[in-house]
Amino acid sequence: MRRNFQTASCDRYGILKDFAKKNRQNQTDAELFLWLHIKGKGLGVEFKRQHVIGDFIADFVCLEKGLIIEVDGGYHYQDEQIEYDAYRTECLEGQGFRVIRFSNEEVLMNIKQVITEIKQTLYE
């Protein structure tokens, strides 16, 4: 089932779409590593990367299952960023998405566990 989600208003959508394109071209090592494991339909569903949802850009999203995967670098553990990430998650969940987060280190050091958790979340 496809989710009905809101995208950014016209005045911001173009800016966010351009930023998302730049993000796809300049992925972090962890984002690229995870993408290699989930792209196509390797997990039985399609994921998009750096996808605009509302006024946000999700690292990875499966629209069919309503799942957003965020890969967080070190700055995500600073107080201001923790607050912003909580707000962002609340907004995305308000549009019917489930948000799961992994640190760069989790993705790079324990990809099997990350994939297991993603599969469990997709099919629970």
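Check the entry above for the structure.
In this text, all values refer to a predicted model and were calculated from it rather than measured experimentally. For every chain, the first residue of the written sequence is number 1, and numbering continues from 1 along that sequence. The predicted nature of this model means local features are confined to residues of pLDDT at least 70 and side-chain atom pairs, given and counted, to a pLDDT of 80 or more, with totals for whole chains, interfaces and linings taken over all residues. With hydrogens and water set aside, each side-chain value is computed from the structure's full complement of heavy atoms.

*Asks:* Got a minute to help me understand the overall build of the chain in this structure?
*Replies:* Summing up its helical and strand segments, the chain has five helices and four strands in all. Accessible surface computed for the chain: about 7,500 Å², of which carbon and sulfur atoms make up 49%. In this text, helices come from DSSP runs of H or I with a minimum length of four residues, and strands from runs of E with a minimum of two, each type numbered from the N-terminal end. Surface exposure here means Shrake-Rupley accessible area, sampled with a 1.4 Å probe, where a residue is shielded only by the protein chains that are shown.

*Asks:* Just checking my understanding: could you explain the sheet that holds strand β4 (residues 98-103) for this structure?
*Replies:* Within a beta sheet, neighbouring strands are joined by backbone hydrogen bonds and run either parallel or antiparallel to one another. Taken together, four strands build an open sheet; the order of strands is β1-β2-β3-β4 and the sheet is mixed. Among the strands making up the open sheet, the edge pair consists of β1 (48-53) and β4. This sheet shows a mean twist of 45 degrees between the axes of neighbouring strands, independent of strand direction. By the convention used here, strands pair only if DSSP detects at least 2 bridges between them. Sheet topology note: the strand β2 (residues 56-62)/strand β3 (residues 67-72) ladder contains three bridges and is antiparallel. The residue bridging Cys62 from the neighbouring strand is Leu67, located in β3. Axis definition: a line fitted to C-alpha atoms, limited for helices to the stretch in contact. Angles are taken between N-to-C directions and run from 0 to 180 degrees.

*Asks:* Would you explain helix α2 (residues 29-38) in this entry?
*Replies:* Each turn of an α-helix holds 3.6 residues, which means side chains three or four residues apart point in the same direction. Type-normalised accessible area, obtained with a 1.4 Å probe on protein chains alone, sets the label of each residue: buried when under 20%, exposed when over 50%, and partly exposed for intermediate values. Within α2, burial applies to Ala30, Glu31, Leu34, Trp35 and Ile38. Projected down its long axis, α2 shows its buried positions confined to an angular sector of 130 degrees, all on one face. The outward face of α2, more than 90 degrees from its buried face, is lined by the exposed residues Asp29 and Leu36. Contacts were defined at the residue level, with two residues in contact if any of their heavy atoms lie within 4.5 Å. Those residues of α2 that are buried lie in contact with β1, β2, β3, α4 (104-109) and α5 (111-123). Just downstream of α2, Gly40 is the residue with a positive phi angle, here 70 degrees. What the arc covers is the set of directions going from the helix axis to the C-beta atoms.

*Asks:* What's the story with the environment of Ala30 in this structure? I'm lost.
*Replies:* Inspection of the secondary structure puts Ala30 in helix α2. C-alpha separation for the pair Ala30 and Val107, spaced 77 residues apart in sequence, amounts to 5.8 Å. The residues touching Ala30, leaving out its near neighbours within four places in the chain, are Val71, Asn104, Val107 and Leu108.

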